[in-house]
Amino acid sequence: MPRKIAAGNWKMNGLSDAMPEAIAIGAASEGLDCATVICPPATLLARMGDAGVTLGGQYCHPAGSGAHTGDVSAPMLADAGATWCITGHSERRADHRETDADVRAQTEAAWDAGLTAILCIGETLEEREAGATLDRLMAQLDGSVPEGANAENTVIAYEPVWAIGTGKTATPDQVAEVHNALRERLGPDMALLYGGSVKAANAAELFALANVNGALVGGASLKADDFVPIMRALSES
Ligand SMILES: O=C(CO)COP(=O)(O)O
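Residues numbered from 1 in each chain as written. Predicted model: local features only at pLDDT ≥ 70, side-chain atom pairs only at ≥ 80, totals over all residues.

1. What to know about the overall build of the chain
Consideration 1: Within the chain, the regular secondary structure consists of ten helices and eight strands.
Consideration 2: If one aligns the C-alpha atoms of the chain with their principal axes, the spans along those axes are about 45 × 40 × 30 Å.
Consideration 3: For the chain, the residues scored as buried account for 49% of the 237 residues in total.
Consideration 4: Taking the intrachain contacts of the chain between residues at least 6 apart in sequence as the baseline, contacts between residues at least 24 apart amount to 74%. (Helix = DSSP H or I, 4+ residues; strand = E, 2+ residues; numbered from the N terminus. Buried ≥ 20, exposed ≤ 12 C-beta atoms within 10 Å, placed from the backbone. Contact = placed C-beta atoms within 7 Å.)

Put into structure tokens, the structure is as follows:
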């Protein structure tokens, strides 16, 4: 059985006054039948160690250290308290021109530092409208999932690019079609998360789908009042 995971991606949001949100999320996560992971900006990782929530990075450089100004490595994330790391988020693929090969190298670096990777894939609206969704996703898996990926070291997040931050959640049918194909491809044990405008109002119907094992949540993970109902819906699913 795949594990259930409610993951929050805070993206480039969060100053030190966000600590009470993390603490409230950590407190609410106790006793739930799912894992809760918050991926804050790197600047908050170390100080969120006491919040009682599992932590992840949002990206890691393929190298462990070196002359890479402004970057953060997987060992640094682990040193700051992270045990997870997002790789291949579409915003990084777009903003930083990260390729599948880059994502693959980052994922290997995350594993080497003992981090579990949340590896993201997703199609653009153009690709969906061209009927190329599954081909695109399978190509991303081919290119970015390293040899040796398993249910312990890797979670796959399906995030349609057109559903991120737009309020346009994929329909349950659209999510089911993709997740069923991912399940067939990746085997019975790997956790498959959906991401893209997940909120309390749509979480339960997404988690009711057979091959949805959780969510990677952006905007609705920033406040405990928004995220905790999503965590609870997953726990109860
Ligand atoms: O990109 C996402 C999570 O990684 C989804 O973001 P939103 O939940 O804000 O749409």
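Here the narrative resumes.
2. Concerning the packing of helix α9 (residues 200-207) against helix α10 (residues 224-236)
Consideration 1: Where α9 contacts α10, the axes come no closer than 9 Å and their chain directions differ by 15°. Classified by the angle their axes make, α9 and α10 are roughly parallel. α10 is crossed by α9, and the crossing has right-handed handedness. Contacts between α9 and α10 involve Ala200, Ala203, Ala204 and Phe207 on the former and, on the latter, Asp226, Pro229, Ile230, Ala233 and Leu234.
Consideration 2: Residue classes in the contact of α9 with α10 are distributed as eight nonpolar, no polar and one charged. (Axes fitted to C-alpha atoms, helices over the stretch in contact; angles between N-to-C directions. Parallel < 35°, antiparallel > 145°, perpendicular 65-115°, else oblique. Left-handed = near helix turned anticlockwise from the far one by under 90°. Nonpolar A, V, L, I, M, F, W, Y, C, P; charged D, E, K, R; others polar.)

3. Quick word on the site of the ligand
Consideration 1: As a structural note, the neighbourhood of the ligand is formed by 14 residues, with Asn9, Ile164, Gly195, Gly218 and Gly219 the closest of them.
Consideration 2: Looking at side-chain class alone, the shell around the ligand contains five nonpolar, eight polar and one charged residues. (Near = placed C-beta within 6 Å.)

4. Digging into the UniProt feature "binding site: substrate" (unreviewed entry) in the chain
Consideration 1: Under the present numbering, the feature "binding site: substrate" (unreviewed entry) in UniProt falls on Asn9, Trp10, Lys11, Gly165, Ser197, Gly218 and Gly219. These annotated residues cover 211 residues of sequence, and their C-alpha atoms all fall within 13.9 Å of one another, placing them together at a single site.
Consideration 2: Relative to the assigned elements, Asn9 resides in strand β1 (residues 5-9).
Consideration 3: Overall, the presence of 26 C-beta atoms within 10 Å leaves Asn9 in the buried class.
Consideration 4: In contact with Asn9, not counting residues within four places along its chain, are Cys39, Gln58, Ile86, Leu216, Val217, Gly218 and Ser221.
Consideration 5: Mapping Trp10 onto the fold places it in the loop between β1 and α1 (19-29).
Consideration 6: You can call Trp10 buried: it has 22 C-beta atoms within 10 Å. (UniProt positions renumbered as here; feature names shortened; annotations may be inferred.)

5. Comments concerning helix α5 (residues 100-112)
Consideration 1: With 13 residues, α5 extends 18 Å from end C-alpha to end C-alpha; this agrees with the ideal 18 Å at 1.5 Å per step.
Consideration 2: For α5, the complete set of buried residues consists of Val103, Arg104, Gln106, Thr107, Ala109, Ala110 and Trp111.
Consideration 3: For α5, the secondary structure elements touched by its buried residues are α3 (74-79), β4 (84-87), β5 (116-121) and α7 (133-144). (Expected span 1.5 Å × (residues − 1).)

6. Looking at unusual backbone geometry
Consideration 1: Residue Lys11 is not a glycine yet carries a positive backbone phi of 50°.
Consideration 2: Mapped onto the elements of the fold, Lys11 is located in the loop between β1 and α1.
Consideration 3: For Lys11, a count of 19 C-beta atoms within 10 Å puts it in the partly exposed group.

7. Let's talk about the sheet that holds strand β8 (residues 214-217)
Backbone-to-backbone hydrogen bonds pair the strands of a sheet. The strands run either parallel or antiparallel.
Consideration 1: Reading around the circumference, β1-β2-β3-β4-β5-β6-β7-β8 is the order of the eight strands in this closed barrel, with parallel pairing throughout. Taking the axes of each pair of neighbouring strands and ignoring which way they run, one obtains an average angle of 25° across the sheet. (Pairing = 2+ DSSP bridges.)

8. Details of the pairing of strand β2 (residues 35-39)
Consideration 1: Most of β2 is tucked away: five of the five residues are buried.
Consideration 2: Side chains Ala35, Val37 and Cys39 project from β2 onto one buried face, and the interleaved Thr36 and Ile38 project onto a second face that is buried too.
Consideration 3: The sheet contact formed by β1 and β2 spans five bridges and is parallel. Across the sheet, Ile5 pairs through a bridge with Ala35, a residue of β2.
Consideration 4: Note that the unit made of β1, α1 and β2 has a crossover that is right-handed.
Consideration 5: By the bridge criterion, two bridges tie β2 to strand β3 (residues 54-57) in an arrangement that is parallel. Bridging from a neighbouring strand, Val37 pairs with Thr54 of β3. (Right-handed = clockwise from strand over helix to strand, strands pointing away.)

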